[in-house]
Amino acid sequence: MKGLHRPSAALALFVGAVLVACHGIGSGGYNPAVPQDLSQLSSSSEAIEITPSASLVCKAPPKGVPGTYLSYFADGNVKGTTFNAVISKDTALWELVQYAKPTPTPKPTPTPKPTPTPKPTPTPKPTPTPKPIKEFIYWGTFATKNKQVGCAYLIVTANGKPPPGSKYSGETIGSPNLKAPYAIKHFTTGPIAALTISHLSTKGGSGTATLKESNGKPYTTGTIKLIGREEITEAEKLKDLLPIPRGNP
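In this text the structure is predicted, and so the values were computed from the model without any measurement.

## Digging into the overall build of the chain
Helices and strands together make up the secondary structure of the chain, namely zero helices and ten strands. N-terminal to C-terminal, the α/β element order of the chain is β-β-β-β-β-β-β-β-β-β. Each of the 249 residues in the chain was classed as buried or not, and the buried ones make up 43%. If you take every contact in the chain between residues at least 6 apart in sequence, the share linking residues at least 24 apart comes to 71%. Of the roughly 13,600 Å² that the chain leaves accessible, carbon and sulfur atoms contribute 56%.

## Some remarks on the pairing of strand β3 (residues 82-85)
On β3, burial follows the alternation: F83 and A85 on one face are buried, whereas T82 and N84 on the facing-out side are not. One ladder, built from four bridges, connects strand β2 (residues 67-79) with β3; its direction is antiparallel. Across the sheet, K79 pairs through a bridge with T82, a residue of β3. A loop of two residues connects β2 with β3, the two strands running antiparallel in sequence, and G80 in this loop sits at a positive phi of about 65°. As paired strands, β3 and strand β8 (residues 182-201) are joined by two bridges and run antiparallel to one another. Opposite F83, over in β8, you have I197 as the bridge partner.

## Observations concerning the pattern of salt bridges
Within the structure shown, the criterion is met by one salt bridge. Across the pair E231 and K134 runs a salt bridge, and its minimum N-O distance is 3.7 Å. Within this pair, whereas E231 is found in strand β10 (residues 218-233), its partner K134 is found in strand β5 (residues 134-144), the two being separated by 97 residues in sequence. Taking the relative accessible area as the measure of exposure, E231 reaches 42% and is therefore partly exposed. When its relative accessible area of 42% is taken as the criterion, K134 is described as partly exposed.

## Looking at the nonpolar core
Core analysis: the biggest nonpolar cluster contains 23 residues, and F83 and L195 have the highest contact counts within it. Those elements that place two or more of their residues in this core are β2, β3, β4 (92-100), β5, β6 (149-157), β8, β9 (204-212) and β10. Ranked by size, the runner-up nonpolar core spans eleven residues in total, among them I137, W139, I155 and I173.

## As for the pairing of β5
Within β5, eight of the eleven residues are buried, which leaves the element mostly enclosed by the surrounding structure. In this structure, β5 lies alongside β10, joined through eleven bridges in antiparallel fashion. Counterpart to I137 in the pairing with β10 is E230. Pairing analysis gives nine bridges linking β5 to β6, with the strands arranged antiparallel.

## Quick word on the environment of F142
You can see F142 is positioned in strand β5. Spatially, the C-alpha atoms of F142 and T223 are 5.7 Å apart, while their sequence positions differ by 81 residues. Every residue in contact with F142, bar those within four places of it in the chain, is listed here: L70, Y72, Q148, V149, G150, C151, A152, G174, S175, T223 and I224.

## Quick look at the state of the cysteines
If you walk through the whole model with that rule in mind, you get one disulfide. One disulfide in the model links C58 with C151; its S-S distance is 2.0 Å. A torsion of -105° about the S-S bond marks the disulfide between C58 and C151 as left-handed. You can see C58 sitting in the loop between β1 (28-29) and β2 and its partner C151 sitting in strand β6, a full 93 residues away along the chain. The class of C151 is buried, set by a relative accessible area of 0%.

## Here's the deal with the environment of P61
Here P61 shows up in the loop between β1 and β2. A C-alpha to C-alpha distance of 8.5 Å links P61 and P176, two positions 115 residues apart in sequence. Every residue in contact with P61, bar those within four places of it in the chain, is listed here: V149 and N177.

## Observations concerning unusual backbone geometry
Put simply, V65 and P66 share a cis peptide bond, and its omega is 10°. A positive phi angle is found at K147, which is not glycine, with a value near 70°. Relative to the helices and strands, K147 resides in the loop between β5 and β6. The phi dihedral of H199 falls on the positive side, at around 60°, and the residue is not glycine. Tracing the chain through its elements places H199 in strand β8.

The rules behind the values
Residues numbered from 1 in each chain as written. Predicted model: local features only at pLDDT ≥ 70, side-chain atom pairs only at ≥ 80, totals over all residues. Heavy atoms only, no water. Helix = DSSP H or I, 4+ residues; strand = E, 2+ residues; numbered from the N terminus. Buried < 20%, exposed > 50% of the residue type's maximum accessible area, 1.4 Å probe, protein only. Contact = heavy atoms within 4.5 Å. Areas by Shrake-Rupley, 256 points an atom, 1.4 Å probe, with all protein chains shown as cover. Pairing = 2+ DSSP bridges. Salt bridge = Lys/Arg side-chain N within 4 Å of Asp/Glu carboxyl O. Core = buried A, V, L, I, M, F, W, Y, C linked by side-chain atoms within 4.5 Å. Disulfide = S-S within 2.5 Å.

This is the structure in structure tokens:
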């Protein structure tokens, strides 16, 4: 399986998927309970229009490292007040990850370099600012029948239509609320057989999911409880703000 960095236009418009096997972003990471840079974004483009500082705090019980915890990801579409996952091996997956404490590596002593003489650069032509896409982010928790729990998020376009270049109008992600740095020791993956989140409103929503093993046998079922919603734009920047574990494939 290649990483969950799917070759999809949705990645440029929605939060990146979270399954470590499908979204590798480095051998270690840190999953705080509160998005660290929500109030002080630094970016070459405009900051996302989002004001919830405390509201996105994950209410799932924090998990220690080492440990083995569940994550999931699903693309899908919204019709009315219901999000339905699109079921395929590339759009709806779960992962059981064994996390370990990372081995600290000493920082190399930097060698000072001589300051080069800067060359004059041509003045860039101004480019038109693309119109931001209005989206909603819902947040809450998930829990499975075999007692796996974590943070849950759903991001959808406000008008329910897929953004340009995408087949899907939203995606949902779930991950453990890790409270320490980690490294990935081992993981297994499987398909999501069904995932629906209904009754979406400013107060959140609720849903269910059915997970299978890679051989098609039942793995577990679960529930998703979303407790709030915020309006955002340029949701692609949000992938660096949410407390989602990331690691090597």
